[in-house]
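Listed here are the chains, written in short residue letters.
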Amino acid sequence: MGAVSPIGILLSILGFFTVINSFQTELEISTTSGTRYMLFFLIFEKKKAIAAEQMINNMIGYRLNDTNVRMQTENQTAALNSAQAANTQAIINAINSNNKNV
């Protein structure tokens, strides 16, 4: 039996890690502050990684909408206009019912 070559061992280790890494996929998360996070999944869990990415992106989008001043102002203005219309109608109804009683 011959001596094991160091190059052969090194190539075997390199081949082993190449095969292991081929079963991984990565998910990169970039925050609005510029921070980047990397998550690693096995290739068999790729659907989970895609679902996680979509969920995270939706959460970021909802957060941005919550802090969007223009959008919040429009929502509040619409609510106030709706309440004002209801109040105006109540006043008109009260005046009309008072006029009928006179």
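The following paragraphs examine the structure supplied in this document. Given the structure is predicted, the values throughout are model-derived calculations rather than measurements.

## Structural notes on the overall build of the protein
Now for step 1: Tallying secondary structure elements over the protein gives three helices and two strands in all.
Now for step 2: Overall, the protein shows an N-to-C arrangement of helices and strands of α-β-β-α-α.
Now for step 3: Against the globule reference of 13 Å for 102 residues, the protein gives a C-alpha radius of gyration of 32 Å, more extended than a compact globule.
Now for step 4: Taken over the C-alpha atoms alone, the protein extends approximately 120 × 25 × 10 Å along its principal axes.
Now for step 5: Within the protein, the fraction of its 102 residues that count as buried is 4%.
Now for step 6: Excluding contacts between residues fewer than 6 apart, the proportion of contacts in the protein whose partners are at least 24 apart in sequence is 15%.
Now for step 7: With 7 positive and 6 negative side-chain charges, the protein shows a spacing of 8 Å between the two charge centroids.

## With respect to the pairing of strand 2 (residues 36–42)
A regular strand carries its side chains on alternate faces of the sheet.
Now for step 1: Examined bridge by bridge, strand 1 (residues 24–30) and strand 2 share seven bridges and lie antiparallel to one another. If you follow Q24 over to strand 2, its bridge partner there is L42.
Now for step 2: Where strand 1 folds back onto strand 2 in an antiparallel hairpin, the turn is made up of five residues, including G34, whose phi is positive at roughly 95°.

## What about the packing of aromatic side chains?
Now for step 1: Within the structure shown, the criterion is met by one aromatic pair.
Now for step 2: When the ring of F16 is compared with that of F17, the centres are 5.5 Å apart and the planes differ by 70°; the resulting orientation is edge-to-face.
Now for step 3: Residue classification places F17 among the partly exposed positions, given a relative accessible area of 47%.

## Digging into the pattern of salt bridges
Now for step 1: Going through the model one piece at a time under the given rule, you end up with one salt bridge.
Now for step 2: Across the pair E28 and R36 runs a salt bridge whose closest N-O atoms are separated by 2.2 Å.

## A short note on a nonpolar patch on the surface
Now for step 1: There is a patch of nonpolar side chains on the surface, built from V4, I9, I13, F16, F17 and I20 and spanning about 590 Å² of accessible area.
Now for step 2: For F16, the location among the structural elements is in helix 1 (residues 6–22).

## A word on the environment of T32
Now for step 1: On the secondary structure map, T32 appears in the loop between strand 1 and strand 2.
Now for step 2: Exposure remark for T32: the relative accessible area of 68% places this residue in the exposed category.
Now for step 3: Between the C-alpha atom of T32 and that of V4, which follows or precedes it by 28 residues, the distance is 52 Å.
Now for step 4: Residue contacts for T32: discarding those within four places in its chain leaves I60 and L64.

The rules we used
Residues numbered from 1 in each chain as written. Predicted model: local features only at pLDDT ≥ 70, side-chain atom pairs only at ≥ 80, totals over all residues. Heavy atoms only, no water. Helix = DSSP H or I, 4+ residues; strand = E, 2+ residues; numbered from the N terminus. Rg over C-alpha atoms; globule rule 2.2 N^0.38 Å. Buried < 20%, exposed > 50% of the residue type's maximum accessible area, 1.4 Å probe, protein only. Contact = heavy atoms within 4.5 Å. Lys, Arg positive; Asp, Glu negative; His and termini not counted. Charge placed at Lys NZ, Arg CZ, Asp CG, Glu CD. Pairing = 2+ DSSP bridges. Phe/Tyr/Trp six-rings, centres within 6.5 Å; stacked < 30°, edge-to-face > 60°. Salt bridge = Lys/Arg side-chain N within 4 Å of Asp/Glu carboxyl O. Patch = residues over 30% accessible without salt bridge, like charges linked within 9 Å, V, L, I, M, F, W, Y side chains within 5 Å. Areas by Shrake-Rupley, 256 points an atom, 1.4 Å probe, with all protein chains shown as cover.

As far as function goes, none of this settles anything; it's purely spatial.
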